[in-house]
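Below, each chain spelled out in residue letters.
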Amino acid sequence: MSTASNPPMPNPGTLNGFLVTVSLPSMLAASRFRRGDVFVLPGNPNDHLMIENIAPHPELGLRLIVTVNGKNVPFTLHVDDPVQPVSMRRAVQVTCRLCQTATTADLDLVTHGEPQDWVCNRH
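Residue indices follow the written sequence of each chain, beginning from 1 at its first position. For this predicted model, a pLDDT threshold of at least 70 governs which residues receive local features, and a threshold of 80 or more governs which side-chain atom pairs are given and counted, while totals over whole chains, interfaces and linings are taken from all residues. Note: side-chain values were computed over all heavy atoms of the structure, leaving out hydrogens and water.

Engineer: Is there a simple way to think about the pattern of salt bridges in this case?
Structural biologist: Side-chain pairs of opposite charge can arise whenever the charged atoms involved come near each other. Within this document, salt bridges are pairs made up of a side-chain nitrogen of Lys or Arg and a carboxyl oxygen of Asp or Glu, the two lying within 4 Å of each other. As enumerated under the stated definition, the model contains four salt bridges in all. A salt bridge links Glu114 to Arg32, with the nearest nitrogen and oxygen atoms 2.8 Å apart. In this pair, Glu114 sits in strand β11 (residues 114–120) while Arg32 sits in the loop between β3 (28–29) and β4 (38–40), placing the two residues 82 residues apart along the sequence. Given the relative accessible area of 26%, Glu114 is considered partly exposed. Buried means the residue's accessible area, taken with a 1.4 Å probe over protein chains only, is under 20% of the maximum for its type, while exposed means over 50%, and partly exposed covers the values in between. Owing to a relative accessible area of 34%, Arg32 belongs among the partly exposed residues under this scheme. Secondary structure elements follow DSSP: runs of H or I of four or more residues count as helices, runs of E of two or more count as strands, with numbering from the N terminus.

The following block contains the structure:
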């Protein structure tokens, strides 16, 4: 699992400025996922699963009930089960390190990494 930082880069989207991100590890705990995310289970890397719904199990506290597109039956995952992310689109708010201006950007955390720092294009 790589946790090395990505080099600072201009954001590919609506964000104007310089964004510093950190790469996601190759496997994430199931609890990190939400509706619309795409992942693969270990041992089945060609079966991309898009989450329709993910919710805590009402009786088993550390389990999640996961419903995915194209599958008729939901399944459960432990909150700490490692799964490989394929796509995790997020609207993230970032604040300029120098002038405190805030903005929102749409990122795919798998492709772009998790935002750590941002400097707007006024500096």
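Alright, that's what it looks like, and here's the rest.
Engineer: Help me out: how do you make sense of the sheet that holds β3 in this one?
Structural biologist: Ordered in space as β3-β8-β4-β5-β6-β7, the six strands form an open sheet in which the pairing is antiparallel. This sheet does not close on itself; its edge strands, each paired only once, are β3 and β7 (75–78). For two strands to be treated as a pair, DSSP must find at least two bridges joining them. As paired elements, strand β6 (residues 63–68) and β7 share four bridges and run antiparallel to each other. Bridge pairing in β7 links Val66 to Phe75.

Engineer: Looking at this model, I keep getting lost on the confidence of the model for the protein. Mind explaining?
Structural biologist: Predictor confidence is given residue by residue as pLDDT, running from a minimum of 0 to a maximum of 100. Confidence in the prediction for the protein averages 88 pLDDT; 89% of positions are at 70 or higher. Scored below 50 in pLDDT, residues 5–13 makes 20 contacts in the model with residues more than four places away or belonging to other chains. Only heavy atoms enter the contact rule, under which two residues are in contact if any of them lie within 4.5 Å.

Engineer: Is there a simple way to think about the side chain of His57 in this case?
Structural biologist: Take His57: it is sitting in the loop between β5 (49–56) and β6. When neighbours within four sequence positions are excluded, His57 is seen to be in contact with Arg63, Leu64, Ile65 and Thr76.

Engineer: Whenever I open this one, the pairing of strand β9 (residues 89–95) confuses me. Can you help?
Structural biologist: The alternating pattern of β9 places Arg90, Val92 and Val94 on a buried face and Arg89, Ala91, Gln93 and Thr95 on a face that is not buried. As paired strands, β9 and strand β10 (residues 102–108) are joined by seven bridges and run antiparallel to one another. Note on β10: the bridge partner recorded for Gln93 is Thr104. Hairpin connection, β9 to β10: the antiparallel pair is bridged by six residues, and Gln100 has positive phi, about 70 degrees.

Engineer: Help me understand the environment of Thr103 in this model?
Structural biologist: One can find Thr103 in strand β10. Judged by its relative accessible area of 27%, Thr103 falls in the partly exposed class. Between the C-alpha atoms of Thr103 and Leu15, which are 88 residues apart in sequence, the distance is 7.5 Å. Look past the residues within four positions of Thr103 in its chain and what remains in contact with it is Leu15, Val92, Gln93, Val94 and Trp118.

Engineer: Would you mind going over the packing of aromatic side chains with me for this structure?
Structural biologist: Given two aromatic rings, one states the distance between the centres and the angle between the planes to describe the pair. In this scheme Phe, Tyr and Trp rings, the latter by its six-membered ring, pair at centre separations within 6.5 Å, and the angle between planes marks the pair as stacked below 30 degrees, edge-to-face above 60, and tilted otherwise. Applying the stated criterion to the full structure yields one aromatic pair. For the ring pair Phe33 and Phe39, a centre distance of 5.6 Å and an interplane angle of 50 degrees mean the geometry is tilted.

Engineer: Just to check I follow, could you spell out unusual backbone geometry for this structure?
Structural biologist: The phi torsion of most residues other than glycine is negative, and most of the peptide bonds are trans. One non-glycine residue, Gln100, lies in the positive phi region at around 70 degrees. By the secondary structure assignment, Gln100 is in the loop between β9 and β10. Taking relative accessible area as the criterion, Gln100 reaches 54% and is therefore assigned exposed.

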